[in-house]
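# Architecture at a glance
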Amino acid sequence: MDLTPPPLSAISFTVKETSLWKKWFVAIFNAFASRPKYNYFYNGSWLVDQVNEGAAYTVTGGGGDSGIIRCMDGFSGRAVGAGSFTVQRVTDPDNAAGNACKIVCTVNDASLAAGDLYYVEIPLEGARVANLKSGTSAAKSITIKFNASFVITGTYGICVANGGETRLYAGTIVITSTAETSYTITLQLDTSGTWLYASATIGLRVRLTLAAGSSFQGSAGVWGTAQTFTTSAQANFMATATTNIIYLKQMQLVEGTVAGDIMPQSYAEALRDCQRFLRKSFPQGFIVASNQGLTQGSLRYIVNKAGAIVNNFSDTRFPIEMASTPVMTFYNPAAANAFARDVDAVADCTTTAAGVSPTGFALSATGVAGTAIGNRFFVEYLADSRL
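Along each chain, residue indices are assigned from 1 in the same order as the chain's sequence is written. Residues qualify for local features only when their pLDDT is at least 70, as the model is predicted, and side-chain atom pairs are given and counted only at 80 or more; totals for whole chains, interfaces and linings, by contrast, use all residues. Hydrogen atoms and water are omitted, and side-chain values are computed over all heavy atoms in the structure.

Strands are runs of DSSP state E lasting at least two residues, helices are runs of H or I lasting at least four, and both sets are numbered from the N terminus onward. Position of Asp73 relative to the elements: it lies in the loop between β2 (68-70) and β3 (76-80). Between buried and exposed lies partly exposed: a residue is buried under 20% and exposed over 50% of the maximum accessible area for its type, with that area taken using a 1.4 Å probe on protein chains only. Given the relative accessible area of 5%, Asp73 is considered buried. Taking the C-alpha atoms as reference points, Asp73 and Gln275, separated by 202 residues in sequence, lie 8.8 Å from one another. The contact definition used throughout considers only heavy atoms, calling two residues in contact when any of these lie within 4.5 Å. Those residues in contact with Asp73 that lie beyond four places of it in its chain are Asn43, Val48, Asp49, Gln50, Cys274 and Leu278.

Our focus in this paragraph is the sheet that holds strand β1 (residues 57-59). When DSSP locates at least two bridges between a pair of strands, those strands are taken to pair. Here we have 6 strands laid out as an open sheet, ordered β1-β4-β5-β13-β7-β10, and antiparallel in their pairing. Every interior strand has two partners, whereas the edge strands, β1 and β10 (181-188), have only one. Across the sheet, the axes of successive neighbouring strands diverge by a mean angle of 30°, strand direction being ignored. Of the pairings in the sheet, the one linking strand β5 (residues 99-107) to strand β13 (residues 245-255) comprises 4 bridges and is antiparallel in character. Directly across from Val104, in β13, lies its bridge partner Ile245. Axis definition: a line fitted to C-alpha atoms, limited for helices to the stretch in contact. Angles are taken between N-to-C directions and run from 0 to 180 degrees.

Once that is clear, we can look at the side chain of Asn332. Along the polypeptide, Asn332 turns up in the loop between β17 (327-331) and β18 (340-342). On the accessibility criterion, Asn332 (1% relative accessible area) is buried. Any N or O atom pair separated by 3.5 Å or less is treated as a polar contact, with the protein-specific requirement of one donor-capable and one acceptor-capable atom, and with residues adjacent in sequence counted only for side-chain atom pairs. Looking at Asn332, its side chain comes within polar contact range of the main-chain nitrogen of Ala335, at 3.4 Å. In this structure the side chain of Asn332 is engaged in a polar contact, spanning 2.9 Å, whose partner is the side chain of Asn337. In this view, Asn332 contacts Ser290, Asn291, Asn337, Ala338, Phe339, Ala340, Arg341 and Asp348; residues no more than four positions away in its chain are not counted.

The next subject is the side chain of Arg167. As for its placement among the helices and strands, Arg167 is situated in the loop between β8 (154-161) and β9 (168-175). We classify Arg167 as buried; its relative accessible area is 14%. Among the polar contacts listed, one links the side chain of Arg167 to the side chain of Asp190, at a separation of 2.6 Å. In terms of polar contacts, Arg167 uses its side chain to reach the side chain of Ser192, at 3.2 Å. Not counting the four nearest positions on each side in its chain, Arg167 is found in contact with Val160, Ala161, Asn162, Asp190, Ser192, Gly193, Trp195, Trp223, Gly224 and Thr225.

This next bit is on the environment of Thr91. Here Thr91 is to be found in strand β4 (residues 84-91). Residues Thr91 and Lys102, 11 residues apart in the sequence, show an inter-C-alpha distance of 9.2 Å. If sequence neighbours within four positions are ignored, Thr91 has contacts with Ala96, Gly98 and Ala100.

This part takes up unusual backbone geometry. Phi at Glu165 is positive, roughly 60°, even though this residue is not glycine. In this structure, Glu165 sits in the loop between β8 and β9. Judged by its relative accessible area of 21%, Glu165 is partly exposed. In this structure, Ala200 is a non-glycine residue whose phi angle is positive, near 65°. Topologically, Ala200 is positioned in the loop between β10 and β11 (202-212).

Moving on, we come to the packing of aromatic side chains. The description of two aromatic rings rests on the distance between their centres and on the angle between their planes. Stacked, tilted and edge-to-face are the three classes applied to pairs of Phe, Tyr and Trp rings, where Trp contributes its six-membered ring and a pair requires centres within 6.5 Å; stacked means planes under 30 degrees apart, edge-to-face means over 60, and tilted covers the rest. For the structure shown, the criterion picks out 17 aromatic pairs. Centre to centre, the rings of Tyr42 and Phe277 are 5.5 Å apart; their planes meet at 25°, and the pair counts as stacked. Residue Tyr42 is found in the loop between α1 (20-33) and β1, and its partner Phe277 is found in the loop between α3 (267-275) and β14 (278-280); the two are separated by 235 residues along the sequence. Summarising the aromatic geometry, the rings of Phe313 and Phe377 are spaced 6.0 Å apart at their centres and angled 75° between planes, so their arrangement reads as edge-to-face. Separated by 64 residues along the polypeptide, Phe313 in strand β16 (residues 310-317) and Phe377 in strand β22 (residues 376-384) bring together distant segments of the chain. By relative accessible area, Phe377 is classed as buried at 1%.

So, to be careful, I would describe these as geometric facts and stop short of saying anything about function.
Rendered as structure tokens:
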């Protein structure tokens, strides 16, 4: 149901303009029209970074998916070319109460080939953006807004695309100052093409182009099938290493032609949204890595078969259902490997996951000669169903 109020000019009254009824209606109308909007970016202030917990991700060159690096939850980067850059959640240098996404050119690519391409991206699940009606005659307008500071001024492309990257739109922002500035792009979503609306699919991609060769340059402000990420005026953020830095802040994508205020999001709400795509057994605040100690929240299982025998344990349930069946990776809390730890036999035990589904998994681990009934197996995991 569309709850958008009609324009005030379209409403007529049979009472005097100065009546209390008119004033009351205008007050209610204004309150409704100015209500906070829903932000389709679910971790737009980078409250959550489950994997690195604030350490930098390195985005290195490569073609196809090999050039895509998943960074903070709901955010990724891609490099196709000789250069590389880092992406990192940091404390906002202008507001210690908030976070920022810091992007740094670490290996430069001063002379771009036609096929070189560097960008950061937020992919959004089809079910999350289905009500925007992309690909239909009723496709809605959206507004993308964020604060940012750029060391390198000039023009940067903002690319919006469908999941299959067969329909693309390139808008631009022009950076004239290195100071923090608010940037906004408004566009009508595409009325044609194939757009996905289901769970566990990419329904919409939003990209900030850092640098792009001529193969990815074209006209701004139009939908098309060409791989147009930006225009020929694109700045080359990758021209100089270490000193070229961007801080992105407070990213939002809302329905309509005005950004306005968005609904506030608590850490718990952001974490819930992120855990639909990525879930770790480690406590929040601890990076995903082996050999972090036995007291950091490891899963713990009691051995029911002695010796070098496979032990099958009861199901482990995820706190919320994940978007799709995740890829499971295990981490030994007491050694640098992917095994479970028999803490009583002081030995590592091979580990596998069975019955993996969006709701959980069952662990199997093979003991060693010294494994006795009642021994304790400790292990950590990462469940990954990111888009």
